[in-house]
Amino acid sequence: MLCVIGAGAMGTALAVHCLRAGTRATLLATELDEAVVDSQRRGQPHPALGVPIPAGVDCVEADKWNEPLGRAEVVVVAVSSHGIDAVMRRAAAMAAPDATWIVATKGWDDRTLQSCSEVVEALMPAGAAVASLGGPALAPELVAGVPTAIVCASRRADVRARVSAILDAPTLFVATTDDVPGVETAAAYKNVAAVAVGMCEGLSERQTESVVVHGYANTRAAVFAAGVLEMTRLGTALGGRAETMLGLAGAGDLYVTCLGGRNARFGRLLGSGETAEQAMAVIGSTVEGIGATRAALAIADRLGIRLPIASAVADAIDDHTSPALWLTTLADLHEEA
């Protein structure tokens, strides 16, 4: 039996995919998922995905986790990084001690700066079966069955094989690696870089000259490349491998986030002149890049490395600096290229 904690877009998409791949899944809704539970009861579309949850996926309210979670052999964690510690403390008390944990949450814990798998492992018995997911996978496309490739990272080969067998399907290829810090750093920092790329596109909306009809494409490309460089700088400092940042978990995930993710949309709104509060109100859901930016800067300060993109995004979020100002010195972003 498989449970997914979190009935948001990604949690629901993974539950739907697992059902399609042959594993029945139960969605464990959090207190923030009441609208999803209500929609399922009424047979209405999922609020974030726009399609109904299939009949084979059960959705359980936040106060009814105990029975399904206690029976689950596999538990997928798909809540925001902001709330993962509190959710995991509750779930750990109910779950079977030998369950396999698949961490789909991307980011760092706000308070401890731990990666999401570190949060999970800290609450599990020593040597627990824990894997992290990364790579380019937009939730609506997972639900639609669009061909997708993701990465499963675990230090244990048996866990990588188990998770791959569960998720692998004709429309989903699962690459595996033991580079847990590389995959998790890439998964978190791509949200920071996507905000910056989105800011460039937003700036183009302030211009009227025909020369910018491509939406600051030159600038976005330069910032995208700088984002991959910074991701690599941070990831290798945390023990990851550079090739991980250049593959699906890094450049691949950043690319798809820039094309269709909330973080890039948030950046576009900042670049077009909205404040962070206004942009978040428009989006109406969690923007992981905000917390990831602050966490990345705190980690970088501890490690003694520079992250100019994260600094620029933080300034734009705090309204200290116009997004246009930091683009006057692209050289600074690529000084260590």
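To be clear, the structure that these remarks concern was listed above.
Since we're looking at a predicted model, the values are computed, not measured.

**A short note on the pairing of strand β7 (residues 148-153)**
Part 1: In terms of residue burial, β7 counts as a mostly covered element, since five of its six residues are buried.
Part 2: Across three bridges, the pairing between strand β6 (residues 129-134) and β7 is antiparallel. Paired with G134 across the two strands is V151, which belongs to β7.
Part 3: The parallel pair β7 and strand β8 (residues 172-177) is bridged by helix α7 (residues 157-167), and the resulting crossover is right-handed.

**Topic: the packing of helix α12 (residues 262-271) against helix α13 (residues 276-283)**
Part 1: In the contact formed by α12 and α13, the axes pass within 9 Å of each other and the chain directions differ by 135°. Our classification of the angle between α12 and α13 gives oblique. Taken as a pair, α12 and α13 cross one another with a handedness that is right-handed. Where α12 approaches α13, its residues R262, R265, F266, L269 and L270 are matched on the opposing element by A276, A279, M280, V282 and I283.
Part 2: Across the contact of α12 with α13, the residue classes tally to eight nonpolar, no polar and two charged.

**Describing the packing of aromatic side chains**
Part 1: In the structure shown here, the tally under the stated rule is zero aromatic pairs.
Part 2: Above the plane of the ring of W65 lies R90, whose end atom (NZ or CZ) is 4.1 Å from the centre.

The rules we used
Residues numbered from 1 in each chain as written. Predicted model: local features only at pLDDT ≥ 70, side-chain atom pairs only at ≥ 80, totals over all residues. Heavy atoms only, no water. Buried < 20%, exposed > 50% of the residue type's maximum accessible area, 1.4 Å probe, protein only. Helix = DSSP H or I, 4+ residues; strand = E, 2+ residues; numbered from the N terminus. Pairing = 2+ DSSP bridges. Right-handed = clockwise from strand over helix to strand, strands pointing away. Axes fitted to C-alpha atoms, helices over the stretch in contact; angles between N-to-C directions. Parallel < 35°, antiparallel > 145°, perpendicular 65-115°, else oblique. Left-handed = near helix turned anticlockwise from the far one by under 90°. Contact = heavy atoms within 4.5 Å. Nonpolar A, V, L, I, M, F, W, Y, C, P; charged D, E, K, R; others polar. Phe/Tyr/Trp six-rings, centres within 6.5 Å; stacked < 30°, edge-to-face > 60°. Lys NZ or Arg CZ within 6 Å of the ring centre and 35° of its normal.

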